[in-house]
Amino acid sequence: MNRFSIRTRLILILTLILLSGFLTTNIISYTASRKLVRTSIIGDNLPLARDNIYSEIQRDLMRPIFVSSLMANDTFLKDWVIAGEKGLPHITRYLLEVKEQYGFFTSFFISDRTRHYYHFKGLHKIISRDDDHDSWYYEFKAMNVEYDLDVDTDQAQDNRLTIFINHRLTDYAGHFLGVVGVGLNFDMVAGILDSYKEKYDRNVYMVDSQGLIQVHTHREHILKTNIFEQEGIRDIAGNLLGSKDEPSLLEYDKADEHYLTTCRYIKELDWYLLVEQNQTRAMAAVNKTFVKNLLLSLLITLFTILGTILVINYFQKQLEILATRDKLTRAFNRNEFERRYNYLAGMEKRDMLKLSIILFDIDRFKVINDTHGHVFGDAVIRKIADIAREITRENDILVRWGGDEFILLSIGDIEHARTIAQRLKDGISSHDFYSDHNVDSDLTGPVTVSCGIAQHLPEDDLDAFVNRADQALYAAKDRGRNCIVY
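Okay, so let's go over this structure. These numbers come from a predicted model, not from an experiment. (Residues numbered from 1 in each chain as written. Predicted model: local features only at pLDDT ≥ 70, side-chain atom pairs only at ≥ 80, totals over all residues. Heavy atoms only, no water.)

1. A look at the side chain of H456
Here comes step 1: For H456, the position within the fold is in the loop between β15 (449-455) and α13 (462-478).
Here comes step 2: You can call H456 buried: its relative accessible area is 7%.
Here comes step 3: In terms of polar contacts, H456 uses its side chain to reach the side chain of Y341, at 2.7 Å.
Here comes step 4: A polar contact is formed between the side chain of H456 and the side chain of E348, at a distance of 2.8 Å.
Here comes step 5: Excluding residues within four positions of it along the chain, H456 makes contact with Y341, E348, L355, F465 and R468. (Helix = DSSP H or I, 4+ residues; strand = E, 2+ residues; numbered from the N terminus. Buried < 20%, exposed > 50% of the residue type's maximum accessible area, 1.4 Å probe, protein only. Polar contact = N/O pair within 3.5 Å; in protein donor to acceptor, adjacent residues only side chain to side chain. Contact = heavy atoms within 4.5 Å.)

Given below as structure tokens:
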């Protein structure tokens, strides 16, 4: 015996097909979207952001390098130093004009002869090898480079974190005179990086060749955090900073998140620009869309299955009606009559029930049909079935036996059946069938029925039972029709 009906199996198969289809489509779409997003980040977005930020850094940070170069080639400054550094107001005014004209945080000059640290506010201090804060000067002098960038606190400006652009000052013969330069407030530089971060939605910072962070949006990383010591990125740091000629793009994982990092060397600063994209967060929108699509697919599947169930139930009901009922009168057909008879006959034996049938047909129906047409004849048959249903009980069974002939199977003895037959005969004879269709009744007379009744006997089968009712019906016809015989 099958565990599930055909209808249930059909619904299960349809559900499986819909869910499989939606799931497959969503997975394919999700996979393609993730691949597209990743390809777009690696191939276009991240390199483009890196190069744009590189260009903007050159624009924003190369300007102070250019200005420090102008200061190092300024004849006034050279002449003032060569002449013995006479007149503190002259150098103070000069440095103040540079600061205010270009909008720098600070401007300075350190004389190699006197070790005087000149500031736009005046003489700041005399540098010394014994002062750790002045070690940068001696290191820069020993490097023998034209300029250098240094991140440090500015003692002359309340020890605020500053990016200094240091430039060598030489006389006309090329002899070292000291260091001149300007300083950028770190907050301003951090603001520039913040603007890059907001504009490109990337994490942007700069490191030196040893991996030490020089510029970052978070101050706590400056000169304290080295990428060679950080989780995840330390595994690729060597390869990331390995080339000064070509930009690099590598990947690493940190705290269950995947990062794409690209690096470009900035020759003028001798620093590396790092631009990071959190791929996990970038995929969040794709993941969210995938979940939404899944939920939508489940919702569509649910409504589709519900609609399918309603449609199947409707058509199954219609098929059951077609299989068990007569199309014209909606009365039961012979197959359903036999099924219900067998069921009631079994109950009769078990529960001591009594069964009776009323076999009736329309008197002189052929004349009615021939005179007024088949349409009217069908309407009469249909109306008689309606009258029969109105006067019978819910558990009585009305069957169209054939043509204009009906059987009414009733639970009860022959007296009960006779009462029903009488109400049926009276209800039909009193109804004006002709006025409903504007047909002349004088041509055929009133519509009536003859009824033959039989009570079921223990030895009866269905044929014997119906045959006795049929004989009673013939007897009613012989008696002049419109009567009941039992």
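Moving on, there is more to tell.
2. A closer look at unusual backbone geometry
Here comes step 1: The phi dihedral of D256 falls on the positive side, at around 65°, and the residue is not glycine.
Here comes step 2: By the secondary structure assignment, D256 is in the loop between β9 (248-254) and β10 (257-266).
Here comes step 3: Of note, R364 is a non-glycine position whose phi angle comes to about 50°, a positive value.
Here comes step 4: Note that R364 resides in the loop between β12 (355-362) and α10 (365-372).

3. Re the sheet that holds strand β8 (residues 213-215)
Here comes step 1: Pairing within the open sheet is antiparallel, and its 5 strands lie in the order β8-β7-β11-β10-β9. Across the chains shown, the open sheet's two edge strands, defined by having one partner strand only, are β8 and β9. Across this sheet, the average inter-strand angle for adjacent strands is 35°, counted without regard to direction.
Here comes step 2: Two elements, β10 and strand β11 (residues 271-278), share 8 bridges in a ladder whose sense is antiparallel. Its bridge partner lying in β11, I266 is registered against W271.
Here comes step 3: Of the strands in this sheet, β7 (203-207), β9, β10 and β11 touch helix α1 (residues 6-72), which is tilted by about 40° from β10. (Pairing = 2+ DSSP bridges. Axes fitted to C-alpha atoms, helices over the stretch in contact; angles between N-to-C directions.)

Geometry only, nothing functional implied.
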